Amino acid sequence: MAERALRGTRLGATSYENDRNTDLAPRQEVTYDCPRGHRFAVTFASEAEIPANWECRFCGDNALMVDGKQPQAKKTKPARTHWDMLLERRSMEDLEEVLAERLELLRARRREEQKHMSSVSQRRSA
């Protein structure tokens, strides 16, 4: 008889257990509001720490808990740029000196290239 009751079922497809005579853990439902106007509820255990933010189920945006405290914005340092780091290592006078040297090198290289190109064009025309 037992074989007959299980015939035709797939393993793991359906559970034959029920919720009778079982006590579920105490729960609480928390509501979140999305900046795009979506409102949804998430169920948590009553002893769980409730997060102030939750990803919106509909759009994936960051939703905030209804009637909850807004998360504190963390103080962050402003981003240091390459220029800021350069000024920590060198003075403006040093930088102007390096710039003048590099410009002179570039100008000399251009003059050499122009001489080379003019000599190549003279050879071709001859």
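Residues numbered from 1 in each chain as written. Predicted model: local features only at pLDDT ≥ 70, side-chain atom pairs only at ≥ 80, totals over all residues. Heavy atoms only, no water.

1. Quick notes on the overall build of the protein
Put simply, the rule is: Each helix is a run of DSSP H or I of at least 4 residues and each strand a run of E of at least 2, with the numbering of both proceeding from the N terminus. Only protein chains enter the accessibility calculation, which uses a 1.4 Å probe; a residue whose area is less than 20% of its type maximum is buried, one above 50% is exposed, and one in between is partly exposed. Here a residue-residue contact requires only that any non-hydrogen atoms of the pair lie within 4.5 Å. Surface accessibility in these figures is a Shrake-Rupley result with a 1.4 Å probe; residues are shielded only by whichever protein chains are displayed.
Assigned secondary structure in the protein consists of three helices and four strands. For the protein, the N- to C-terminal ordering of α and β elements is α-β-β-β-β-α-α. Within the protein, buried positions represent 7% of all 126 residues. Long-range pairs, those at least 24 residues apart, make up 19% of the contacts in the protein between residues at least 6 apart in sequence. Here the protein displays about 12100 Å² of accessible surface, and carbon together with sulfur accounts for 50% of that area.

2. Re the pairing of strand S1 (residues 27-33)
In summary, the side chains of a regular strand alternate between the two faces of the sheet. Put simply, the rule is: Criterion used throughout: strands pair if DSSP finds at least two bridges between them.
Pairing of S1 with strand S2 (residues 39-45), which is carried by seven bridges, proceeds in the antiparallel orientation. In the strand pairing of S2, Val30 is matched with Val42. In textbook terms, the turn of a hairpin is the stretch between consecutive antiparallel strands, and for S1 and S2 this stretch comprises five residues, one of which, Gly37, has a positive phi near 100°.

3. Regarding the nonpolar core
Our working rule: Here, nonpolar core refers to any group of buried Ala, Val, Leu, Ile, Met, Phe, Trp, Tyr and Cys residues whose side-chain atoms link them within 4.5 Å.
Val30, Tyr32, Cys34, Phe40, Val42, Phe44, Cys56 and Ala63 form the largest nonpolar core, which has eight residues in total. Residue assignment for this core shows that the elements contributing at least two residues are S1 and S2. Counting residues per element, this core draws most heavily on S2, at three residues.

4. As for the UniProt feature "binding site: Zn(2+)" (unreviewed entry) in the protein
Put simply, the rule reads: UniProt positions are given in the numbering used here, feature names are shortened, and annotations may be inferred rather than shown by experiment.
Summarizing the sequence annotation, UniProt attributes the feature "binding site: Zn(2+)" (unreviewed entry) to Cys34, His38, Cys56 and Cys59 in the numbering used throughout. Annotated residues spanning 26 residues; largest pairwise C-alpha distance 8.6 Å, indicating a single compact cluster. Here Cys34 shows up in the loop between S1 and S2. Classification of Cys34 as buried rests on a relative accessible area of 7%. Setting aside residues up to four positions removed in sequence, Cys34 forms contacts with Cys56, Cys59, Asp61 and Ala63. For Cys59, the location among the structural elements is in the loop between strand S3 (53-55) and strand S4 (62-65). Among all residues touching Cys59, those that are not within four sequence positions of it are Cys34, Arg36 and His38.

5. Notes on the pattern of salt bridges
Note the following rule: A pair is scored as a salt bridge if a Lys or Arg side-chain nitrogen falls within 4 Å of a carboxyl oxygen belonging to Asp or Glu.
Across all of its chains, the model carries four salt bridges by this definition. Between Arg39 and Asp33 there is a salt bridge, with its nearest N and O atoms 2.7 Å apart. Residue Asp33 is classed as partly exposed on the basis of its relative accessible area of 28%. Notably, a salt bridge pairs Glu104 with Arg111, separated by 3.1 Å at the nearest N-O pair. A relative accessible area of 41% means that Glu104 is categorised as partly exposed. Judged by its relative accessible area of 43%, Arg111 falls in the partly exposed class.

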